[in-house]
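A closer look at the structure
Each chain, letter by letter, is given below.
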Amino acid sequence: MNSFSARMPPPIVLSFAASDPSGGAGLQADLMTVSALGCHALSVTTALTVQDSLGVAGILAIDADWVEDQARTLLQDMPVAAFKIGLLGSADNILIIADILADYPLLPVVLDPVLASGRGDELADDEMIAALRELLLPLTTILTPNTLEARRLADPAQAAHGDQAVDVDVCAQRLLSLGCEYLLLTGTHDNTPRVVNRLYGRDAGLLRSDSWDRLPGSYHGSGCTLASAIAAHLARGLPVSEAAQAAQDYTWQALAAGFRVGMGQYLPDRFFRLRAGGGDPLA
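Reading guide: rules and limits
Residues numbered from 1 in each chain as written. Predicted model: local features only at pLDDT ≥ 70, side-chain atom pairs only at ≥ 80, totals over all residues. Heavy atoms only, no water. Core = buried A, V, L, I, M, F, W, Y, C linked by side-chain atoms within 4.5 Å. Buried < 20%, exposed > 50% of the residue type's maximum accessible area, 1.4 Å probe, protein only. Helix = DSSP H or I, 4+ residues; strand = E, 2+ residues; numbered from the N terminus. Contact = heavy atoms within 4.5 Å. Pairing = 2+ DSSP bridges. Axes fitted to C-alpha atoms, helices over the stretch in contact; angles between N-to-C directions. Phe/Tyr/Trp six-rings, centres within 6.5 Å; stacked < 30°, edge-to-face > 60°. Disulfide = S-S within 2.5 Å. Parallel < 35°, antiparallel > 145°, perpendicular 65-115°, else oblique. Left-handed = near helix turned anticlockwise from the far one by under 90°. Salt bridge = Lys/Arg side-chain N within 4 Å of Asp/Glu carboxyl O.

Looking now at the nonpolar core. The biggest cluster of nonpolar side chains holds 45 residues, and the ones touching the most others in it are Leu14, Phe16, Ile85, Leu136 and Leu175. With seven residues, helix α4 (residues 91-102) is the largest single contributor of residues to this core. Look past the residues within four positions of Ile85 in its chain and what remains in contact with it is Phe16, Ile97, Leu101, Val109, Val110, Leu111, Asp112 and Leu136. Judged by nonpolar contacts, the second largest core, of 26 residues, contains Leu199, Ala243, Ala254 and Phe272.

A few words on the sheet that holds strand β5 (residues 109-111). Within the open sheet, the nine strands sit side by side as β3-β2-β1-β4-β5-β6-β7-β8-β9. Their pairing is mixed. The open sheet terminates on both sides in strands that have one partner only, identified here as β3 (56-61) and β9 (205-213). Across four bridges, the pairing between strand β7 (residues 182-185) and strand β8 (residues 194-201) is antiparallel. Within β8, the residue paired with Leu184 across the bridge is Leu199. The sheet contacts of helix α8 (residues 168-177) involve β6 (142-143), β7, β8 and β9, and relative to β8 the element is tilted by about 40°.

Further remarks concern the packing of aromatic side chains. Counted under the stated rule, the structure contains four aromatic pairs. Here Phe16 and Phe83 contribute two aromatic rings whose centre-to-centre distance is 6.2 Å and whose plane-to-plane angle is 35°, an arrangement assigned as tilted. Separated by 67 residues along the polypeptide, Phe16 in strand β1 (residues 12-19) and Phe83 in strand β4 (residues 82-85) bring together distant segments of the chain. Judged by its relative accessible area of 0%, Phe83 is buried. Ring pairing ties together the aromatic residues Phe16, Phe83 and Tyr104, which thus form one cluster.

What follows deals with the state of the cysteines. Overall, the coordinates contain zero disulfides when judged by the stated rule. Residue Cys39 stays outside any disulfide, its sulfur separated by 17 Å from that of Cys224, the closest cysteine. Of all cysteine sulfurs, the one in Cys171 lies closest to Cys180, which takes part in no disulfide; the gap is 11 Å.

Bridge count between strand β2 (residues 40-51) and β3: five bridges; the pairing is antiparallel. When the sheet's bridge partners are listed, Gln51 is paired in β3 with Val56.

We now examine the side chain of Ser228. Locating Ser228 in the fold gives a position in helix α9 (residues 222-235). For Ser228, a relative accessible area of 1% gives the class buried.

For the pair helix α2 (residues 26-36) and α9, the least separation of the axes is 9 Å and the interaxial angle reads 40°. Overall, the two elements α2 and α9 adopt an arrangement that is oblique. For the pair α2 and α9, the crossing hand works out as right-handed. Taken together, the residues of α9 that come into contact with α2 (itself represented by Gly26, Ala29, Asp30, Thr33 and Val34) are Cys224, Thr225, Ser228, Ala229 and Ala232.

Attention shifts here to the pattern of salt bridges. Using the criterion set out here, one finds seven salt bridges in the structure. Across the salt bridge formed by Asp30 and Lys84, the nearest N and O atoms sit 3.0 Å from each other. With Asp30 in helix α2 and Lys84 in strand β4, this pair connects stretches of sequence that are 54 residues apart. By relative accessible area, Asp30 is classed as buried at 1%. According to the relative accessible area criterion, Lys84 is buried, its value standing at 1%. Close ionic contact of Arg194 with Asp213 constitutes a salt bridge, the shortest N to O distance being 2.8 Å. Here Asp213 lies in strand β9 and Arg194 lies in strand β8, a separation of 19 residues in the sequence. Residue classification places Asp213 among the partly exposed positions, given a relative accessible area of 44%. What emerges from the salt-bridge pattern is a single network uniting Glu68, Arg72 and Asp103.

Set out below in structure tokens:
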């Protein structure tokens, strides 16, 4: 047997997300992040978008049958080690993806609940939020919302009236009660000197709190990067707490090395290690 045929493939992460032609978020962010962390990235396109570094101008959901065919074809061919879920485009897509995930109960699922763009463009309606709560959260290993998304998911009626006063610990417990195993609540939208991210477990409560220097400016695709990094580390075999910490460190460094190529937000540099001459993407 020659050395090439005996080479072990890298762990595989399958991402369900929308395409972002700017390369800042969505599938493109997932593919770059997963690859930078030593895994092989598969992608199922859930929606097409018209967007740039300023925001989202339009979104076209892919037909749910096409979403299912994309995923089933890949899953029948390749051994996926983790799932990452981002913007899903429609309630029908959420239903189909929940059916698919139910067939792979042993694989970790990282759900980034993309409800709005960085400038506030709405990307999920009430029907989609209800479907996320009822169908996907019970199948989720780790949910990765910011505090705005968490409050909207935990109590859609209250969030609709603009009430953002719910304590984050209460909010976390409400989300965990909906079925997800872990919750990484990110503090990027909080008015605090440093960004504080909290990891909760369904059975153990607050597991860890990580504090990061708050970087200037705003970034397009930071949430996608964090969730994809967690999925990559889970695919490589790390336990959830270690995967969450390692993913936060990678994401902060990618943001710190970010660049501005358009007129809007900065983009994370997912390949900052290679550009710095490090060579080893896991160093």
